[in-house]
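Observations on the three-dimensional arrangement
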Amino acid sequence: MCRQLRSLGIGILLAAGAALVGASDSHATPGFCAFVYLDENCDGEYQEGIEPRLNGWQICYTGPRIGCGTTGSSGEGGYCKLLLPVGDYQVCVTVQAGYIPTTPSCVNINIAAGEVEQVFFGVIPVGHECPPPIGACCFADGSCVETSEAACVEPGGVYQGDG
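These lines cover the structure that appears in this document, whether it is placed above or below.

So, how was this worked out
- Residues numbered from 1 in each chain as written.
- Predicted model: local features only at pLDDT ≥ 70, side-chain atom pairs only at ≥ 80, totals over all residues.
- Heavy atoms only, no water.
- Core = buried A, V, L, I, M, F, W, Y, C linked by side-chain atoms within 4.5 Å.
- Buried < 20%, exposed > 50% of the residue type's maximum accessible area, 1.4 Å probe, protein only.
- Helix = DSSP H or I, 4+ residues; strand = E, 2+ residues; numbered from the N terminus.
- Disulfide = S-S within 2.5 Å.
- Pairing = 2+ DSSP bridges.
- Axes fitted to C-alpha atoms, helices over the stretch in contact; angles between N-to-C directions.

1. Comments concerning the nonpolar core
With 19 residues, the main nonpolar core has Phe 32, Val 36, Ile 59, Tyr 61, Val 91, Ile 109 and Phe 121 as its most contacted residues. Looking at this core, the elements with two or more residues in it are strand S2 (31–38), strand S3 (58–62), strand S6 (87–93), strand S8 (106–111) and strand S9 (116–125). When residues of this core are assigned to their parent elements, the largest contribution, four residues, is made by S2. Judged by nonpolar contacts, the second largest core, of six residues, contains Cys 33, Tyr 37, Cys 80 and Phe 120.

Shown next as C-alpha cells:
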C-alpha cells in the first residue's frame, strides 16, 4: 500500500522554523522531516500558506533505525529526525480518531548522505465536504472544458473523467 515519495507528487519543502531533532545543520545531516496538514480541498497535495499544518500527530519510521515522534507544537506541524544512517525507510503517520487520510498513511523513502527527505501527510475530519473532482467535459461540437461531472452533464456534455 505504500508508494515511493517521488511518485506521490507531494511537494518537497523545508518549513521555516521547523524543529530539527539531533542536529543544527540539516543540509549536512541525513534524515527526514514529516508534516501533517489539513487537506481542505481533498487533493492529496500540500498547498503552503493555504492548508494548515497540524500538531500532535504521531510519526513512526522503520529502516536501519526504528522510532516514533510527535509533530511539534510550534504551529509548523512537523517532526524531523536527523542523524539517521543512510538507507531505505518507511515513514508512517498514525491517523487520529475523527480523521481520514487523503494521502497514503505510509511512504517509502531513501535517505542518502547529506539529504533530508520530506514527507507530507494529508488528513481531513470525518464528514468534511470535499469539492467535487474536476475533469474533462466534451460537447457534440468538439469543444471541451474542465468542470465537475454534475456541471458537465446538465448542459448535455459527456464527462471524460477526473484529472
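That was the structure; now back to the text.
2. Considering the state of the cysteines
Under the definition given, this model contains six disulfides. In this model, Cys 42 is linked to Cys 130 through a disulfide, with the two sulfur atoms separated by 1.9 Å. Between Cys 42 and Cys 130, the S-S torsion sits near -80°, and that sign places the bridge as left-handed. Here Cys 42, found in the loop between S2 and S3, pairs with Cys 130, found in the loop between S9 and strand S10 (134–138); they are 88 residues apart in sequence, far enough to count as distant. Cys 137 shares a disulfide with Cys 152; S-S distance 2.0 Å. Judged by the sign of its S-S torsion, about 80°, the bond between Cys 137 and Cys 152 is right-handed. With a gap of 15 residues between them, Cys 137 in strand S10 and Cys 152 in helix H1 (residues 149–153) connect regions that are remote in the sequence. In this pair, the class of Cys 137 matches that of Cys 152, namely buried. Cysteines bonded in the protein chain are numbered consecutively along the chain; their disulfide partners then correspond to 1-5, 2-8, 3-4, 6-7, 9-12, 10-11.

3. Overview of the environment of Gly 44
Within the secondary structure, Gly 44 is located in the loop between S2 and S3. Exposure remark for Gly 44: the relative accessible area of 9% places this residue in the buried category. The spacing of Gly 44 and Phe 121 is 77 residues in sequence and 8.0 Å in space, taken between C-alpha atoms.

4. Describing the sheet that holds strand S12 (residues 158–162)
Strand pairing within a sheet occurs via backbone hydrogen bonds; the two strands may be parallel or antiparallel. Taken in spatial order, the three strands make up an open sheet running S11-S10-S12, and their pairing is antiparallel. The sheet is open, and its two borders are formed by strand S11 (144–148) and S12, each paired with just one other strand. Recorded for the sheet is a direction-independent mean angle of 35° between the axes of neighbouring strands. With four bridges connecting them, S10 and S12 associate as antiparallel partners. Bridge pairing links Ala 136 to Gly 161 in S12.

By themselves, these observations are geometric and do not establish any function.
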